[in-house]
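# Structure assessment
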Amino acid sequence: PKPQNAITVAVSARALFNLVEEQRIYEEQGLEKYVEYQQNNENVTLKPGAAFYFVKALEHVNARLLELYPGDEERFDIVLMTNNHAQVGVRLINSINHYGLTIERFCMTGGESPVGYLTAYLTNLYLSADSEKVQEAIEAGIAAATMFTANKDVVYSDTQLRVAFDGDAVLFSDESEQIVKEHGLDRFFEHEQMHENKPLAQGPLKGFLEDLGKLQKKFYAKNERLNCPIRTYLVTARSAASSGARVLKTLRSWGLEIDEALFLAGAPKGPILVKIRPHIFFDDQMFHIEGAQQLGTIAAHVPYGVAQKYYKST
């Protein structure tokens, strides 16, 4: 599809594939040894990385869309966006072909940051294993997250893309989180009830939830609501009774549906995520990312908002 019609998801090589050993060679022995190793092993298939099953699920949605809307270009377009050198490309291509992935667009920047190309590719979401590049992308106004592999093997749905989002500083701005950090929970509850009918400002991932909703409606239009291959989840530490109404009213004001909303009132997110088994879970706090990882969830850190200041200072 043409980029202006597609939902472009840019994925780094280290997010798509497990390149831990290759990264170690690069860091310990330098670029030349790294390139030589990749060329010597270009017929050895790379193992799946943190974003692999998410990408597979995107491709399943594409297949279903093409059945219902042949020739329609409004679907996911996956771009491999990597600062690898072109000499490493053969191994990446061989691995992509081995798994039957449809990734036609490659951007290999030879050591330069790929972030400048994200805008040119009209990127809707950027996933990388490099937190500095993700931070750079967020600062450029692009939805982005750092991928973390789960610590346990989990079986993911191969018929339904499942995407779980935290609320504040992910779908919404960090306005409410700032009040929690600076004035405590009681003041936060008071503030949320006072502003219940004032929609929260948008956060970095709001646009991607919109993209998912747009595709869901294409399935609904064909009477496929019950068989829709996309399901979205809000998994928030907020309490429903004291601060949930503002969240739900904000989504309604945006014209967005979320399939399931889980208000945990401060309880750990990991056990709920085990039940959901999302292909990806977006959160702005490393505390929640680590808890999700330990129980087998592939988590993606969104470095946005006031929580980053507190995380970096600890």
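Since the structure is predicted, the reported quantities are computational estimates derived from the model, not experimental observations.

As a further point, take the packing of helix α8 (residues 175–183) against helix α9 (residues 185–194). For the pair α8 and α9, the least separation of the axes is 7 Å and the interaxial angle reads 145°. Crossing hand, α8 versus α9: right-handed. For the pair formed by α8 and α9, the contact residues are Glu175, Ser176, Ile179, Val180 and His183 on the first element and Leu185, Arg187, Phe188, His191 and Glu192 on the second. Here the residues of the contact of α8 with α9 are counted per class, giving four nonpolar, three polar and three charged.

Burial in helix α2 (residues 20–29) covers these residues: Glu22, Gln23 and Ile25. Each buried residue of α2 lies within a common arc of 155° when the element is viewed along its axis, so the set occupies one face. Turned more than 90 degrees away from the buried face of α2 sit Val20, Glu27 and Glu28, all of them exposed. Against α1 (13–16), α3 (31–40) and α5 (89–98) lie the buried residues of α2. Within two residues after α2, Gly30 carries a phi angle of roughly 95°, on the positive side.

What follows concerns the domain arrangement of the protein. Structurally, the protein comprises domain 1 (7–147) and domain 2 (161–312). Distance between the C-alpha centres of domain 1 and domain 2: 25 Å. Taken together, the contacts link 27 residues of domain 1 with 28 residues of domain 2. Both sides together, the interface formed by domain 1 and domain 2 hides about 2,400 Å², and carbon and sulfur atoms give 72% of it. Here domain 1 is connected to domain 2 by four salt bridges. Note that Lys218 and Asp72 form a salt bridge whose closest N and O atoms lie 2.5 Å from each other.

This part is about the pattern of salt bridges. Tallying each qualifying case throughout the model produces 22 salt bridges. Its salt-bridge partner being Arg24, residue Glu28 comes within 2.7 Å of it at the nearest N-O pair. Residue Glu28 and its partner Arg24 are both found in helix α2; the two are separated by four residues, about one turn of the helix. Between Glu224 and Arg64 there is a salt bridge, with its nearest N and O atoms 2.7 Å apart. Of the two residues, Glu224 sits in the loop between α10 (206–220) and β7 (230–236) while Arg64 sits in helix α4 (residues 52–68), which places them 160 residues apart along the sequence. Taken individually, Glu224 and Arg64 each receive the classification buried, so the pair is uniform in this respect. In this structure, a network of salt bridges that share partners links the residues Asp72, Glu74, Asp211, Lys214 and Lys218.

In this description, a pair of aromatic rings is defined by centroid distance and the angle of the planes. By the definition in use, this model includes ten aromatic pairs. Looking at Lys206, its charged tip hangs above the ring of Trp254, at a distance of 4.9 Å from the centre. Above the face of the Tyr220 ring, Arg225 is positioned so that its terminal group lies 3.8 Å from the ring centre.

Right, let's talk about the packing of α9 against helix α11 (residues 240–253) for a bit. For the pair α9 and α11, interaxial distance at closest approach is 8 Å and the crossing angle is 40°. In terms of their interaxial angle, α9 and α11 are classed as oblique. Considering only the axes of α9 and α11, their crossing is left-handed. Across from Phe188, Phe189, His191, Glu192 and Gln193 in α9, the residues of α11 making contact are Ala241, Ser242, Ser243 and Arg246.

Now for the pairing of strand β2 (residues 76–82). In terms of burial, β2 is largely enclosed, as seven of its seven residues are buried. On β2, burial covers both faces: Phe76, Ile78, Leu80 and Thr82 on one face and Asp77, Val79 and Met81 on the other are all buried. Sheet topology note: the strand β1 (residues 7–11)/β2 ladder contains five bridges and is parallel. Bridge assignment links Ile7 to a residue of β2, and that residue is Phe76. Note: β2 against strand β3 (residues 105–108), four bridges, orientation parallel. When the sheet's bridge partners are listed, Thr82 is paired in β3 with Met108. Handedness of the crossover joining β2 and β3 through α5 is recorded here as right-handed.

Reading guide: rules and limits
Residues numbered from 1 in each chain as written. Predicted model: local features only at pLDDT ≥ 70, side-chain atom pairs only at ≥ 80, totals over all residues. Heavy atoms only, no water. Axes fitted to C-alpha atoms, helices over the stretch in contact; angles between N-to-C directions. Helix = DSSP H or I, 4+ residues; strand = E, 2+ residues; numbered from the N terminus. Left-handed = near helix turned anticlockwise from the far one by under 90°. Contact = heavy atoms within 4.5 Å. Nonpolar A, V, L, I, M, F, W, Y, C, P; charged D, E, K, R; others polar. Buried < 20%, exposed > 50% of the residue type's maximum accessible area, 1.4 Å probe, protein only. Arc of directions from axis to C-beta. Domains from an automatic or database assignment. Buried area = accessible area lost by both parts, 1.4 Å probe. Salt bridge = Lys/Arg side-chain N within 4 Å of Asp/Glu carboxyl O. Phe/Tyr/Trp six-rings, centres within 6.5 Å; stacked < 30°, edge-to-face > 60°. Lys NZ or Arg CZ within 6 Å of the ring centre and 35° of its normal. Parallel < 35°, antiparallel > 145°, perpendicular 65-115°, else oblique. Pairing = 2+ DSSP bridges. Right-handed = clockwise from strand over helix to strand, strands pointing away.

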